[in-house]
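# A look at the structure
The residues making up each chain are set out below.
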Amino acid sequence: MLLSLGLAAPVGYVELACRPGDGADDYVALVSSDQHRPEGRTLLTYPEWHIVHAYDDYAKVISTGDPHEYAYLSSIGGFWASLCSLSQASGPHGGFPAEFKSTVYTIGVSFTAELLAKALYEETIGRIAVLIRGDTRAPLDDLTAQKAAQYAQFLRQVPWYQWDFAQDAADISDHASGSFRDVERRLAIGLEYKAKSGYAGVIAAAVANMEPDALQLRIIVTDLTAAELATYDGVTVIATHADGIEIETPRYRALTHLLMQWAKAGGNFVEIAGNDDILFTVTSQVPHLEQALYSFERQGYNDTRHLILLPVSELAQALRQSEEQGLTLEHIHDY
């Protein structure tokens, strides 16, 4: 009971203390209504990416260090604190629709439970195993670090439950030496992979009959020709309007790369998925940016991630100026 209340507490905090501000968006979309996605989703996509980034940070830490060196509580706190900031900013963008917010809460509670369990183990038995091992890394220390990095990269474009955890468990078993640390890693990490494999199977079955989320979206672009835009892989020119060229593009990580390429080529954006505001993240050596909704130190990288919300019409110029401002584009959050 106490555990359940503890896991639910951050949800209650966001609901009570992080209410959306007032405001309304009167923007009229140029694309057809069936291509218009709720603008609030650009904010709601970040929490899932916080988890993706957390796995990447973890992989970076254990690439040269040990799992107990990762700040699990900081990562959990960053999830809920960033969600609070996004909730407060969501008012003028339609707020947080209940059906999407419940999904975010579910993954947040699951993420919290997973990291708490991992922290409890790695700070006790895992740390003892490291002390017994000494300074020389065991073969499975390197293999699990490699697996973590590959998994973090995979998550940038593909749902987590499609990862082959069963193969990871088999690889861990096959490559373990007889050292105490490898035996401990084989049992602990192997059990983690097997548990995730089973859970992934349940989730995959649950979503099998659900309508998949659209893998493309519509963008209105100016200052590039239809012929130029059509040369990019996965891009289809739909129509030419007085306000710009309507194109269909891939979503997720691929979209981030495309938008940066078009910005560098001189292109500008009028709307994305029928919306005139968008969230993106950058990293920098500066711990705070005035325009950021939230800033969070990245573990293992010695820099800071910043969440920035701005009009779509200003996105291209912001991308073009990012490097001279010491900012590195990380991800543009679509809808």
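See above for the structure.
First, a word on what this report is: a plain description of the structure on this page. (Residues numbered from 1 in each chain as written. Predicted model: local features only at pLDDT ≥ 70, side-chain atom pairs only at ≥ 80, totals over all residues. Heavy atoms only, no water.)

## As for unusual backbone geometry
How we decide: Here a strand is any run of E in DSSP of at least two residues, a helix any run of H or I of at least four, and the numbering for each starts at the N terminus. Working definition: with a 1.4 Å probe on protein chains only, accessible area under 20% of the residue-type maximum means buried, over 50% means exposed, and in between means partly exposed.
The residue Asp223 is not glycine, and still its phi comes out positive at about 70 degrees. Note that Asp223 resides in the loop between β1 (216–222) and α8 (226–230). The class of Asp223 is exposed, set by a relative accessible area of 55%. Even without glycine at this site, Ala273 takes up a positive phi of about 55 degrees.

## What to know about the sheet that holds β1
Using the following cut-off: Here a strand pair is declared whenever DSSP counts at least two bridges between the two strands. Where helices are involved, their axes are fitted lines through C-alpha atoms of the stretch in contact, as for all axes, and angles between N-to-C directions lie from 0 to 180°.
Reading across the sheet, the four strands line up as β2-β3-β1-β4 and stay open at both edges, with antiparallel pairing between neighbours. Taken across any chain shown, the strands that pair with only one partner, and hence form the sheet edges, are β2 (236–241) and β4 (268–272). When strand polarity is set aside, the average angle formed by the axes of neighbouring strands in this sheet is 30 degrees. Alignment of β2 against strand β3 (residues 244–250), held across five bridges, turns out to be antiparallel. Along β3, the bridge assignment pairs Val237 with Ile247.

## Re the state of the cysteines
To keep it simple, the criterion reads: Counting rule for disulfides: a pair of cysteine sulfur atoms within 2.5 Å.
Scanning all chains against the criterion turns up one disulfide. Two residues share a disulfide in this structure: Cys18 and Cys84, whose sulfurs sit 2.0 Å from each other. With the S-S bond torsion at -95 degrees, the cross-link from Cys18 to Cys84 turns out left-handed. With Cys18 in the loop between α1 (2–17) and α2 (41–64) and Cys84 in helix α3 (residues 72–89), this residue pair connects regions lying 66 residues apart in the sequence. Look at Cys84 and you get buried, because its relative accessible area is 9%.

## Some remarks on the side chain of Lys118
As a reminder, the rule being used: The contact criterion used throughout is that any non-hydrogen atoms of two residues lie within 4.5 Å.
Along the chain, Lys118 turns up in helix α4 (residues 98–133). Among the residues examined, Lys118 registers a relative accessible area of 13% and is labelled buried. Sequence-distant contacts of Lys118, that is, excluding residues within four places in its chain, are made with Tyr58, Tyr72, Ile189 and Glu192.

## Points about the packing of aromatic side chains
Applied cut-off: Two aromatic rings, drawn from Phe, Tyr or Trp (for Trp, its six-membered ring), form a pair once their centres lie within 6.5 Å of each other, and the interplanar angle then sorts them: stacked below 30 degrees, edge-to-face above 60, tilted otherwise. For a Lys NZ or an Arg CZ to count as sitting over a ring, it must be within 6 Å of the ring centre and within 35 degrees of the ring normal.
Considering all chains together, one arrives at 14 aromatic pairs under this definition. Relative to Phe111, the ring of Phe79 lies with its centre 5.9 Å away and its plane at 40 degrees, an arrangement referred to as tilted. Pair noted here: Phe79 is in helix α3 and Phe111 is in helix α4, with a separation of 32 residues, a long-range link. On the basis of relative accessibility, which here comes to 3%, the residue Phe111 falls in the buried class. Ring pairs connect the aromatic residues Tyr55, Tyr151, Phe154, Trp160, Tyr161, Trp163, Phe165 and Tyr199, which therefore count as one cluster. Positioned above the aromatic ring of Phe100 is the side chain of Arg41, whose terminal nitrogen or guanidinium carbon lies 4.4 Å from the ring centre.

## Structural notes on the pattern of salt bridges
This is how the line gets drawn: Salt bridge criterion: a side-chain nitrogen from Lys or Arg within 4 Å of a carboxyl oxygen from Asp or Glu.
Tallied over the full model, the rule gives 23 salt bridges. As a salt-bridge pair, Arg133 and Asp66 come within 2.9 Å of each other at their nearest N and O atoms. Residue Arg133 is found in helix α4, and its partner Asp66 is found in the loop between α2 and α3; the two are separated by 67 residues along the sequence. Classification of Arg133 by relative accessible area gives buried; the value is 17%. Arg185 is paired through a salt bridge with Glu184; the nearest N and O atoms lie 2.8 Å apart. Since its relative accessible area comes to 7%, Glu184 is described here as buried. Sharing partners across several salt bridges, the network here consists of Asp66, Glu122, Arg133, Asp141, Arg181, Glu184 and Arg185.

## Describing helix α5 (residues 139–154)
Each α-helix turn comprises 3.6 residues. Residues three or four places apart therefore point the same way. Counted only if it meets this: Here, expected helix span is obtained from the residue count minus one, scaled by 1.5 Å.
Given a rise of 1.5 Å per residue, 16 residues ought to cover 22 Å, and the 23 Å separating the end C-alpha atoms of α5 matches this to within 8%. Residues of α5 that are buried include every one of Leu140, Asp141, Leu143, Thr144, Ala145, Lys147, Ala148, Tyr151 and Ala152, and no others. Turning to α5, the residues buried within the fold contact α2, α4, α6 (165–175) and α7 (180–207).

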